[in-house]
Amino acid sequence: MKDYFLDPDSMNIDLILNLMRELHEKFGRYFDLENPRMRNEIDGNYASILEREALPEEGSTVNAVFEDLAFYAQGILKWNHHGAMINVNPPPTLPSVAAASYVSLYNGNGAQDISCGYLLTTELAVVKMICQLVGADHKTAGGIFTFGGKSTILHALKHGIQRINPKAIDYGIKDEIVTFSSKQGHPCHSEVGGWLGIGEKNCLHISTDKKGIIDLSELEQELDGALSDNKKVALITANGGTTIQMTIDPIRAIVNLRDKMVLKYHLDYIPRVHVDSVIGWVYLFFKNYDFKKNYLELSETAAAKIQRQLWRIEEIKYADSFGVDFHKTGFCPYSSSLYMTFDKSEIYAQGKQQPIAYEELEYGNYSPFQYTLELSRPLNGMVAAYTNLKLLGYRGYQKLIGQLYNASECLKSALAKETRFQVINTDNSDSFVTLFIVKEHVDAPSFFKLDSLNKGELHNFGLYIQKFYLYLLEQQKIGNCWFALDYSSGYQVLSNGIKIGVLKIYPMSPYFTCEKAIQMVEDLKALLAEFDKISHSFKIKEVPHKPRPFVFR
Ligand SMILES: *Cc1c(COP(=O)(O)O)cnc(C)c1O
């Protein structure tokens, strides 16, 4: 039994390295270089798979357990593969994975420093570095790592409620509370209201323009409505980079509007403005990028997009709080989310604590568990974030993101040369995501002129896109397609209310380069030529997973 543990003098550390190797060999059985997914030969639903599982009376050998585990490696979408382009799915850096895993060997609990040692300094250090990034005073601001981007929103709402009624911790919520987000806001902006007893329906989603930016006059109207009804506004969540369009709302204008409301309604609390910047924080690394010298050789379009995103996200310093997901654009393993507030007393207040002054924090009194949502709290996230920030610095993140932009501009212009494909997010988004459609015929109308089609024609137009997606899925499963892209159903709502699904390419890997992008378009073209031969009778047979259904309504 002792063999399963690190011995007191840590002399058997080779065991874990060997275990890693053993897992790697077993997982490797399903490995396929040309395919973004691990091979998958499993048939049947979970109930049939689970027939093989039962709690054993006698334990098994490591070898046997790892064998079982490796069986479940089938079907993994490998985020380290340049062809994995479904969503914000970054490959983590190896040093961050190594560091985050290694710290579990001794004492992985970041509840208090007297237990995990000075490793908890990584949390304070990351907070300081993020403060430098946004231009905040690290002595008065505060931050805590928590279990995900969703939790950063949960914290924002909790702190918003505290502002309205500091007694809410003891006596519960007595006020009628509303929160605001936009129609492009992440679903979790409402969901956290459900978790905290506010109710999801009490999060109002304000309309946006074509670029996904919140309509400020509608926000003002709704704020007026809520406040004159004596409702309390706990939280306005501004988008700091939405998942697909990468929309960043006008943060400063939202803060100004909030301030105007405080005066107008003589509020005795200040409604919280939080920025959901879990993805978009990464543009801040470009604040010292010399766009004139342009050492990364960003294309003109890429540079202009990044520059605009930087200008927008720099307004984050006017908000009350924001979130950072290192497991997204920070290239860290899961989970590594940081909730940041410019006034650290709000964090301490959750545990009814007085804040400890920056100069008085010392080994022995840094005990986050006294006020954090988690009691036992993993060190992994903060150690991973610390590792990457120091490892990559401004320049490293500039390179990672800059390269994704350059590659995706290559992709967009190569796609634009093809008459059967149409890129549809050139003008309405500054993200590095590519949205596009495929047309059945060269002379089919532009995606932006679909209103001329009748319902039947529209149906066929949309169905063709989805069918081609299914064809790509099948080719991927068979091993003829090295990329996994996504189908975003109902992305575009036409003026008659009908939704058309589109294809989405979301590159995240540093191995996805301009050459790969051009290759991808060549291969898409070849696959389309093959699809043309069979498209009328095409029925999908082989799939890596049950595909998204075709939506037409
Ligand atoms: C991913 C995401 C979230 C949720 O974060 P998790 O880490 O998945 O909990 C919230 N907002 C935006 C914009 C996101 O992209």
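Here the structure is a predicted model, which is why all the values come from computation and not from measurement.

Draft legend 1. Quick peek at the overall build of the protein. The helix and strand tally for the protein stands at 16 helices and eleven strands. The C-alpha extent of the protein, read off along each of the three principal axes, is 70 × 70 × 55 Å. Residues classed as buried in the protein amount to 50% of the 553 residues present. Contacts spanning at least 24 positions in sequence make up 74% of the contacts within the protein whose residues lie at least 6 apart. Within the protein, the 64 negative side-chain charges are centred at a point lying 4 Å from the centre of the 58 positive side-chain charges.

Draft legend 2. How the structure looks around the side chain of Ser431. Note on placement: Ser431 falls in the loop between β8 (421-423) and β9 (434-438). A relative accessible area of 1% means that Ser431 is categorised as buried. A polar side-chain atom of Ser431 sits 3.0 Å from the main-chain amide nitrogen of Val433. Discounting residues that sit within four places of it in the chain, Ser431 has contacts with Ile244, Gln245, Met246, Lys305, Tyr405, Lys412 and Asn425.

Draft legend 3. Representation of the state of the cysteines within the structure. Tallied over the entire structure, the rule returns one disulfide. Its sulfur unpaired, Cys131 is 18 Å from the next cysteine sulfur, which belongs to Cys332. Free of any disulfide, Cys188 has its nearest cysteine sulfur in Cys203, 9.6 Å distant. Overall, Cys188 belongs to the buried group, its relative accessible area being 4%.

Draft legend 4. Focus on the site of the ligand. Taken together, 13 residues form the shell around the ligand, and within it Gly149, Asp276, Asp325, His327 and Lys328 come nearest. In this structure, an oxygen atom belonging to the ligand sits 2.7 Å away from a main-chain N or O atom of Gly149. Within the side chain of Lys328, an N or O atom sits 3.0 Å from an oxygen atom of the ligand. Here the ligand has 380 Å² of accessible area as a free molecule, and 83% of this is covered by the chains. A per-class count over the shell around the ligand returns three nonpolar, six polar and four charged.

Draft legend 5. Focus on the pairing of strand β4 (residues 232-239). Among the eight residues in β4, seven count as buried, and that is most of the element. Across four bridges, strand β2 (residues 177-182) lies against β4 in parallel orientation. Bridged to Ile177 within β4 is Lys232. Crossover handedness for the path β4 to helix α11 (residues 251-264) to strand β5 (residues 272-276): right-handed.

Draft legend 6. Broad picture of a nonpolar patch on the surface. Taken together, Ile16, Leu17, Leu19 and Met20 make up a surface patch of nonpolar side chains, about 320 Å² in accessible area. Mapping Met20 onto the fold places it in helix α1 (residues 14-28). We classify Met20 as partly exposed; its relative accessible area is 49%.

Draft legend 7. Structural view of the side chain of Ser408. Checked against the element boundaries, Ser408 lands in helix α14 (residues 380-416). A polar contact is formed between the side chain of Ser408 and the backbone oxygen of Phe432, at a distance of 3.3 Å. If near-sequence neighbours (up to four positions away) are discounted, Ser408 is found in contact with Phe432, Thr434 and Pro507.

Draft legend 8. Up close: the packing of aromatic side chains. With the rule as written, the count across this model stands at 30 aromatic pairs. Plain terms: the ring middles of Phe71 and Tyr72 are 5.5 Å apart, the flat faces sit at 70° to each other, and that makes the pair edge-to-face. Pairing Phe447 with Phe448 gives two aromatic rings, centres 5.6 Å apart and planes at 80°, and the pair type is edge-to-face. Chaining the aromatic ring pairs together yields one cluster made of Phe421, Phe436, Tyr464, Phe468, Tyr471, Phe531 and Phe538. Taking NZ or CZ as reference, Lys78 lies 4.2 Å from the ring centre of Phe31, over its face. It is Arg252 that lies over the ring of Tyr318; its NZ or CZ is 4.1 Å from the centre.

Draft legend 9. How the structure looks around the packing of helix α12 (residues 300-313) against α14. As a packed pair, α12 and α14 sit with axes 9 Å apart at the nearest point and diverge in direction by 130°. Relative to α14, the element α12 lies oblique. For the element pair α12 and α14, the recorded crossing hand is right-handed. Contacts between α12 and α14 pair Thr301, Ala302, Lys305, Ile306 and Gln309 from the former with Gly402, Tyr405, Asn406, Glu409 and Lys412 from the latter. Classifying every residue of the contact of α12 with α14 gives three nonpolar, four polar and three charged.

Draft legend 10. Geometry of the sheet that holds strand β11 (residues 499-505). The sheet built from four strands is open, its strands ordered β8-β9-β11-β10 with antiparallel pairing. Looking at which strands have only one partner, the edges of the open sheet turn out to be β8 and β10 (486-493). The mean inter-strand angle of the sheet, taken between neighbouring strand axes irrespective of direction, is 45°. Here β9 pairs with β11 via three bridges, running antiparallel. Across the sheet, the residue bridging to Leu435 is Lys504, located in β11.

Draft legend 11. Broad picture of the packing of helix α15 (residues 455-478) against helix α16 (residues 514-534). In contact at an axis separation of 11 Å, α15 and α16 are set at 110° when each is read in the N-to-C sense. What the angle tells us is that α15 and α16 run roughly perpendicular. Counted together, Tyr464, Lys467, Phe468, Tyr471, Leu472 and Gln475 of α15 and Leu524, Leu527, Leu528, Glu530, Phe531, Asp532 and Ile534 of α16 form the full contact between these two elements. Taken together, the residues of the contact of α15 with α16 break down into nine nonpolar, one polar and three charged.

Draft legend 12. Just helix α9 (residues 188-195), in detail. Every buried residue of α9 is listed here: Cys188, His189, Ser190, Val192 and Gly193. Lining the buried residues of α9 we find α7 (149-164), β2, β3 (203-206), β4 and β5. Gly197 lies just past α9 and shows a positive phi near 80°.

Draft legend 13. Looking closely at the pattern of salt bridges. All chains considered together, the criterion is met by 26 salt bridges. Between Arg29 and Glu67 there is a salt bridge, with the nearest N and O atoms lying 2.6 Å from each other. With Arg29 in the loop between α1 and α2 (46-50) and Glu67 in helix α3 (residues 62-71), this pair connects stretches of sequence that are 38 residues apart. Taking relative accessible area as the criterion, Arg29 reaches 40% and is therefore assigned partly exposed. Take Glu67: its relative accessible area is 29%, and that puts it in the partly exposed class. One continuous salt-bridge network, built from bridges that share partners, spans Arg163, Arg258, Asp259, Arg272, Asp320 and Glu346.

What counts, and at which threshold
The residue numbering used here restarts from 1 in each chain and proceeds along that chain's sequence as written. Note on the predicted model: pLDDT of at least 70 is required for a residue's local features to be given, and 80 or more for side-chain atom pairs to be given and counted; whole-chain, interface and lining totals, by contrast, use all residues. Only hydrogens and water are set aside when side-chain values are computed; all heavy atoms of the structure are taken into account. Counting from the N terminus, the helices are the DSSP runs of H or I reaching at least four residues and the strands are the DSSP runs of E reaching at least two. Think of it in three bands: with a 1.4 Å probe and only protein chains considered, a residue is buried below 20% of the maximum accessible area for its type, exposed above 50%, and partly exposed in between. Here, two residues are considered to be in contact whenever any of their heavy atoms come within 4.5 Å of each other. The positive count covers Lys and Arg only, the negative count covers Asp and Glu only, and His and the chain ends enter neither. For the purpose of locating charges, the reference atoms are NZ of Lys, CZ of Arg, CG of Asp and CD of Glu. Throughout this description, a polar contact denotes any pair of N or O atoms lying within 3.5 Å of each other; where both atoms belong to protein, one of them has to be capable of donating a hydrogen while the other can accept it, and for residues adjacent in sequence the pair is counted only when both atoms sit in side chains. Cysteine sulfur atoms are paired as a disulfide whenever they fall within 2.5 Å. Being near a molecule or strand, for a residue, comes down to having at least one heavy atom within 4 Å of it. Areas reported as accessible are Shrake-Rupley estimates using a 1.4 Å probe. Residue values count occlusion only from the protein chains shown. Polar here means any residue outside two lists: the nonpolar Ala, Val, Leu, Ile, Met, Phe, Trp, Tyr, Cys and Pro, and the charged Asp, Glu, Lys and Arg; Gly therefore counts as polar. When DSSP finds two or more bridges between a pair of strands, those strands are recorded as paired. For crossovers, right-handed means that the path from the first strand over the helix to the second runs clockwise, given strands pointing away from the viewer. Residues qualify for a patch when their relative accessible area is over 30% and they have no salt bridge, like charges being joined within 9 Å and the nonpolar side chains of Val, Leu, Ile, Met, Phe, Trp and Tyr within 5 Å. In the sections that follow, a salt bridge refers to a side-chain nitrogen of Lys or Arg positioned within 4 Å of a carboxyl oxygen of Asp or Glu. Within 6.5 Å between ring centres, the rings of Phe, Tyr and Trp (the latter by its six-membered ring) count as paired, and their orientation is classed by plane angle as stacked under 30 degrees, edge-to-face over 60, tilted in between. When the NZ atom of lysine or the CZ atom of arginine is within 6 Å of a ring's centre and also within 35 degrees of its normal, the charge is said to sit over that ring. Only the stretch in contact is used when fitting a helix axis, every axis being a line fitted to C-alpha atoms; angles between N-to-C directions are given from 0 to 180 degrees. Here roughly perpendicular refers to angles of 65 to 115 degrees, roughly parallel to angles under 35, roughly antiparallel to angles over 145, and oblique to all remaining angles. Two helices crossing with the near one rotated counterclockwise from the far one by less than a right angle form a left-handed crossing, whereas a clockwise rotation gives a right-handed crossing.

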